[in-house]
Amino acid sequence: MANNNEIERRRTFAIIAHPDAGKTSLTEKLLLFGGQIQVAGAVKSNKIKKTATSDWMDIEKQRGISVTTSVMEFDYHDYKVNILDTPGHQDFAEDTYRTLTAVDSVIIVVDGAKGVETQTRKLMEVCRMRNTPVIIFINKMDREAKDPFDLLDELEEELHIHVRPLTWPIESGVRFKGVYNIYEHNLNLYQPSKQVVTEKVEVDIHTEELDNQIGAQLADKLRGELELIDGVYPEFDKEEYLKGELAPVFFGSALNNFGVQELLDCFVEIAPSPRPVKAEEREVEPEEPKFTGFIFKITANIDPNHRSCIAFCKICSGKFVRNAPYLHVRHGKTMRFSSPTQFMAQRKTTVDEAWAGDIIGLPDNGTFKIGDTLTEGEALHFKGLPSFSPEMFKYIENADPMKQKQLAKGIDQLMDEGVAQLFVNQFNGRKIIGTVGQLQFEVIQYRLENEYSAKCRWEPLSLYKACWIESDDAAELEAFKNTSLPSRSFAMYWYLRFLKA
């Protein structure tokens, strides 16, 4: 059997939310507590002259948004924590949804002022379909926020999940005094600091000591609210949480480093270790002795000094060993990996071994596609990786004839990442890029120019859908393709040949 102790101490989770709720800020503070960084960066770097660790792409630093999932790992107490910071923008939802197939639990970040937003609902729906355990962090309590009870009601109504607060805020905005930790029974007084860890105060809420800390009026209000919580919400049940039926709720301010350690301390204690993963053939248990894993993400140019791609592999069972032979199921070939890596966003280090629950990077020279499986010999096909049909299409043209090779290589590698698709018009040979959102076109153009030194321009195209046309009669299908109709400005009348069949 695999080393159960190593597997049990793994905690692999994704941080998801609507854009601007504070995912990346929360990630930075978790890395700060994990000892991986000494100074937490900012998403939009103004006074803090350090950008967020997980936003390593230039376009992410400039725009203050995440456009790709970042993988980070650190040790915290006796646990090995793997964080996946996901994009919030709906144009990059496909990347986020695929990431959710590679994690065992999720932290959802909710803006305390805005409450549940559109993308939050969509992401929660995916978690519910997979029965993924969810913890909710209500962020930005240092700003004016909705009433905490109203927020809890909104979470239950909008996300269709039972909730149980494990910390409770004392006011919000300029009146924000801190939170009471219901789970650990102590008081955390708010000290606005982006770098300093807030001290905890052990206090009995039924004594005058609480009055001395926050004032008699707020103390009485807090006692009443805690009594109401105990009366309305059931006691926290870890098993209900692990089934995905109950979401513990925490309050705080990720930017000001408040409420984050309480979240992390509780998370590593209650969050699940690696869970079984379903394949088409059978269910794979993490404790199985033989290694299995699948590719859920490919990233080009993670190291700007080397024009190479990295395939991210989620280990589902057993132990991965460097230079050991593993079967690439789709190719039916045995492969060895001399330089597998683990990540701190863009930074990577070579590892000799990894266990179920870990995310490792494998060098990719065109060998992998998203969804590929690696095993020690068994033919397994893991399922559940989503693929979206493009909804927006544009011709891509070379803006610099001297950079034709760079443009072609850049397009090939960026398409391998799986967030856009490349088609070719069968009649004129022109290349077409299909995406699910306008922002992806801007990101592709920026990355081609800054990572491959290749300029491109876009030309409009009146398409709205790409689909396969099949027929049992090959001659009839060919005749249909070659029929000339004057009104072929609609998607159904364009015949696009997918390059990577």
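Just above sits the structure.
Residues numbered from 1 in each chain as written. Predicted model: local features only at pLDDT ≥ 70, side-chain atom pairs only at ≥ 80, totals over all residues. Heavy atoms only, no water.

1. Some points on the overall build of the protein chain
Inclusion rule: Numbering goes from the N terminus for both helices and strands, where a helix is a DSSP run of H or I of at least four residues and a strand is a run of E of at least two. For every residue, the accessible area (1.4 Å probe, protein chains only) is compared with the maximum for its type, and the residue is labelled buried under 20%, exposed over 50%, or partly exposed between those bounds. Note on definitions: a residue-residue contact is assigned when non-hydrogen atoms from the two residues lie within 4.5 Å.
Summing up its helical and strand segments, the protein chain has 13 helices and 28 strands in all. The proportion of buried residues among the 501 residues of the protein chain is 56%. A separation of at least 24 residues holds for 70% of the contacts in the protein chain among residues at least 6 apart in sequence.

2. Notes on the packing of helix α11 (residues 404-416) against helix α12 (residues 438-452)
The test is simple: Axis geometry follows a simple rule: fit a line to the C-alpha atoms, using only the stretch in contact for helices, then measure angles between N-to-C directions, giving values from 0 to 180 degrees. Orientation is classified from the angle alone, with under 35 degrees giving roughly parallel, over 145 giving roughly antiparallel, 65 to 115 giving roughly perpendicular, and any other angle giving oblique. Each crossing gets its handedness from the near helix: less than a right angle anticlockwise from the far helix is left-handed, clockwise is right-handed. Three classes are used: nonpolar for Ala, Val, Leu, Ile, Met, Phe, Trp, Tyr, Cys and Pro, charged for Asp, Glu, Lys and Arg, and polar for all others, with Gly counted as polar.
Contact geometry of α11 with α12 gives a least axis separation of 10 Å together with a crossing angle of 125 degrees. When the axes of α11 and α12 are compared, the pair comes out oblique. In this structure, α11 meets α12 at a crossing whose hand is right-handed. Where α11 abuts α12, its residues Q406, L407, K409, G410, I411, Q413, L414 and M415 lie against I444, R447, L448 and Y452. Tallied by class, residues from the contact of α11 with α12 come to seven nonpolar, three polar and two charged.

3. Side note on the nonpolar core
To be explicit about the condition: What makes a nonpolar core is a set of buried Ala, Val, Leu, Ile, Met, Phe, Trp, Tyr and Cys residues whose side-chain atoms join them at distances within 4.5 Å.
In terms of nonpolar packing, the biggest core is built from 64 residues, with L100, V106, I136, L155, V163, W168 and I214 touching the most fellow members. Excluding anything up to four places from it in sequence, I136 contacts I108, V110, L155, L159, V163, A247, P248, V249 and F250.

4. What to know about helix α6 (residues 148-159)
Using the following cut-off: Given the number of residues in a helix, its expected span is that number minus one, multiplied by 1.5 Å.
For α6, with 12 residues, the first-to-last C-alpha span of 16 Å sits near the 16 Å given by 1.5 Å per residue. What α6 keeps buried is the set P148, F149, L151, L152, E154, L155 and L159. The positive-phi residue at the C-terminal boundary of α6 is H160, with phi of around 55 degrees.

5. Considerations on the pairing of strand β7 (residues 167-170)
For clarity, the threshold we go by: In this analysis, strands are considered paired if DSSP registers two or more bridges between them.
Side chains T167 and P169 project from β7 onto one buried face, and the interleaved W168 and I170 project onto a second face that is buried too. Pairing of β7 with strand β8 (residues 178-181) involves four bridges; the strand directions are antiparallel. Its bridge partner lying in β8, P169 is registered against V179.

6. Points about the pattern of salt bridges
Selection rule: Salt-bridge detection follows one rule: a side-chain nitrogen of Lys or Arg within 4 Å of a carboxyl oxygen of Asp or Glu.
This model, assessed by the stated rule, comprises 28 salt bridges. Among the ionic pairs, D104 bridges to K314, the shortest N-O distance being 3.8 Å. Within this pair, whereas D104 is found in the loop between α4 (93-99) and β4 (105-111), its partner K314 is found in strand β15 (residues 309-317), the two being separated by 210 residues in sequence. The exposure class assigned to D104 is buried, which follows from its relative accessible area of 3%. The buried category is assigned to K314, whose relative accessible area is 2%. Through salt bridges that share partners, E6, R9, R10, E73, D75, K80 and D358 make up one connected network.

7. Points about a negative patch on the surface
Spelled out, the test is: Without a salt bridge and with relative accessible area above 30%, a residue can belong to a patch; like charges are then joined within 9 Å and nonpolar side chains (Val, Leu, Ile, Met, Phe, Trp, Tyr) within 5 Å. Exposure was quantified through the Shrake-Rupley algorithm and a 1.4 Å probe, taking into account, for residues, occlusion by the shown protein chains and nothing else. In summary, the charge assignment counts Lys and Arg as positive and Asp and Glu as negative, without counting His or the chain termini. Positions of charges follow a simple convention, taking NZ of Lys, CZ of Arg, CG of Asp or CD of Glu.
A surface patch of like charges, here negative, comprises D147, D150, D153 and E157. According to the relative accessible area criterion, E157 is exposed, its value standing at 59%.

8. A few points about the packing of helix α2 (residues 23-33) against helix α10 (residues 260-270)
Their axes nearest at 10 Å, the elements α2 and α10 cross at an angle of 70 degrees. As the angle between them shows, α2 and α10 are arranged roughly perpendicular. In contact with L26, K29, L30 and F33 of α2, α10 contributes V260, Q261, L263 and L264.

9. As for the environment of C127
Residue position: C127 is located in helix α5 (residues 118-130). A residue is classified by how much of its surface remains accessible, and C127, at 1% relative accessible area, is buried. Discounting residues that sit within four places of it in the chain, C127 has contacts with I16, L100, V106, T132 and V134.

10. Some points on unusual backbone geometry
Phi is positive for E171, which is not a glycine, with a value near 65 degrees. The phi dihedral of N323 is positive, around 70 degrees, even though this residue is not glycine. With respect to the secondary-structure elements, N323 resides in the loop between β16 (319-321) and β17 (326-328). With relative accessibility at 38%, the residue N323 sits in the partly exposed group.

11. Description of the side chain of N425
Heads up, the rule is: Polar contact criterion, stated in full: a pair of N or O atoms within 3.5 Å, where within protein one must be able to donate a hydrogen and the other to accept it, and residues adjacent in sequence count only if both atoms are side-chain atoms.
Counting through the fold element by element, N425 comes out in strand β25 (residues 421-425). On the accessibility criterion, N425 (2% relative accessible area) is buried. A distance of 3.4 Å separates the side chain of N425 from the side chain of Y395, its partner in a polar contact.

12. Details of the packing of aromatic side chains
Short version of the rule: Here a Phe, Tyr or Trp ring, Trp counted by its six-membered ring, pairs with any other such ring whose centre lies within 6.5 Å, and the pair is stacked when the planes are under 30 degrees apart, edge-to-face when over 60, and tilted otherwise. Criterion for a charge above a ring: Arg CZ or Lys NZ at most 6 Å from the ring centre, at most 35 degrees from the ring normal.
Under the counting rule described, the total for this entry stands at 17 aromatic pairs. Between F320 and Y326, the ring centres sit 5.2 Å apart and the planes meet at 25 degrees, which makes this aromatic pair stacked. When sorted by exposure, F320 lands in the same class as Y326, which is buried. Looking at K394, its charged tip hangs above the ring of F441, at a distance of 4.8 Å from the centre.

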